[in-house]
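Notes for the structure review
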Amino acid sequence: MKPIILISAIALLISTGLASAAEPIVGNWTTTLGDTAAIEPCGGGFCITLKNGKHAGEKIGAFEGSGGSYSGKITDPDAKKTYNGSISVSGDTVTLKGCVMKVVCESQTWSRQ
């Protein structure tokens, strides 16, 4: 009986990993400044890490969601301020939106590399 449970657990872990990898948000994106931002699965959601430029290596976002619509937190690395945010994916573009108290919002559109 134990081998069946172990096999089922392994299958579940593999399928969860494949589902995350299949999410349209996962990949490398060119920011509005021309830097590369990697969006990868992390901690049950997705993290954004800058790969080059002035803030290379900095994690600037953490989001949850699926199917092209995500919500979480985004950080302006220059100002060192974190905002509530959302990301929507459409084809080879992502639109990020960060808001202060849902009143003052700014958006950026990044393209897939």
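Structure shown above.
This report concerns the structure included in the present document.

Each value, and the rule that gives it
- Residues numbered from 1 in each chain as written.
- Predicted model: local features only at pLDDT ≥ 70, side-chain atom pairs only at ≥ 80, totals over all residues.
- Heavy atoms only, no water.
- Patch = residues over 30% accessible without salt bridge, like charges linked within 9 Å, V, L, I, M, F, W, Y side chains within 5 Å.
- Areas by Shrake-Rupley, 256 points an atom, 1.4 Å probe, with all protein chains shown as cover.
- Salt bridge = Lys/Arg side-chain N within 4 Å of Asp/Glu carboxyl O.
- Helix = DSSP H or I, 4+ residues; strand = E, 2+ residues; numbered from the N terminus.
- Buried < 20%, exposed > 50% of the residue type's maximum accessible area, 1.4 Å probe, protein only.
- Pairing = 2+ DSSP bridges.
- Disulfide = S-S within 2.5 Å.

Regarding a nonpolar patch on the surface
- A cluster of nonpolar side chains, namely Val-100, Met-101, Val-103 and Val-104, defines an oily patch on the protein surface of about 440 Å² accessible area.
- Within the secondary structure, Val-104 sits in strand β8 (residues 104–112).
- The class of Val-104 is exposed, set by a relative accessible area of 53%.

Brief notes about the pairing of strand β5 (residues 69–76)
- Inspection of the sheet shows strand β4 (residues 59–66) paired to β5 by six bridges, in the antiparallel sense. In the sheet register, Gly-65 faces β5, and the bridge partner there is Tyr-70.
- Connecting β4 to the next strand, β5, in antiparallel fashion are two residues, including Gly-67 with a positive phi near 65°.
- As defined by bridge partners, β5 adjoins strand β6 (residues 81–90) across eight bridges and the pair is classed as antiparallel. Within the sheet, the bridge partner assigned to Ser-71 lies in β6 and is Ser-86.

Brief notes about the state of the cysteines
- One pass over the structure, following the stated rule, counts two disulfides.
- Across the disulfide from Cys-42 sits Cys-47; the S-S distance is 1.8 Å. Negative torsions about the S-S bond denote left-handed disulfides, and the value of about 65° found for Cys-42 with Cys-47 makes this one right-handed.
- The class for Cys-42 is partly exposed, based on a relative accessible area of 28%.
- The disulfide that involves Cys-99 links it to Cys-105, with 2.0 Å between the sulfurs. As the torsion about the S-S bond is roughly 110°, the Cys-99-Cys-105 disulfide counts as right-handed.
- Judged by relative accessible area, which is 32%, Cys-105 ranks as partly exposed.
- Each bonded cysteine of the protein is numbered by sequence order, and under that numbering the disulfide pairs are 1-2, 3-4.

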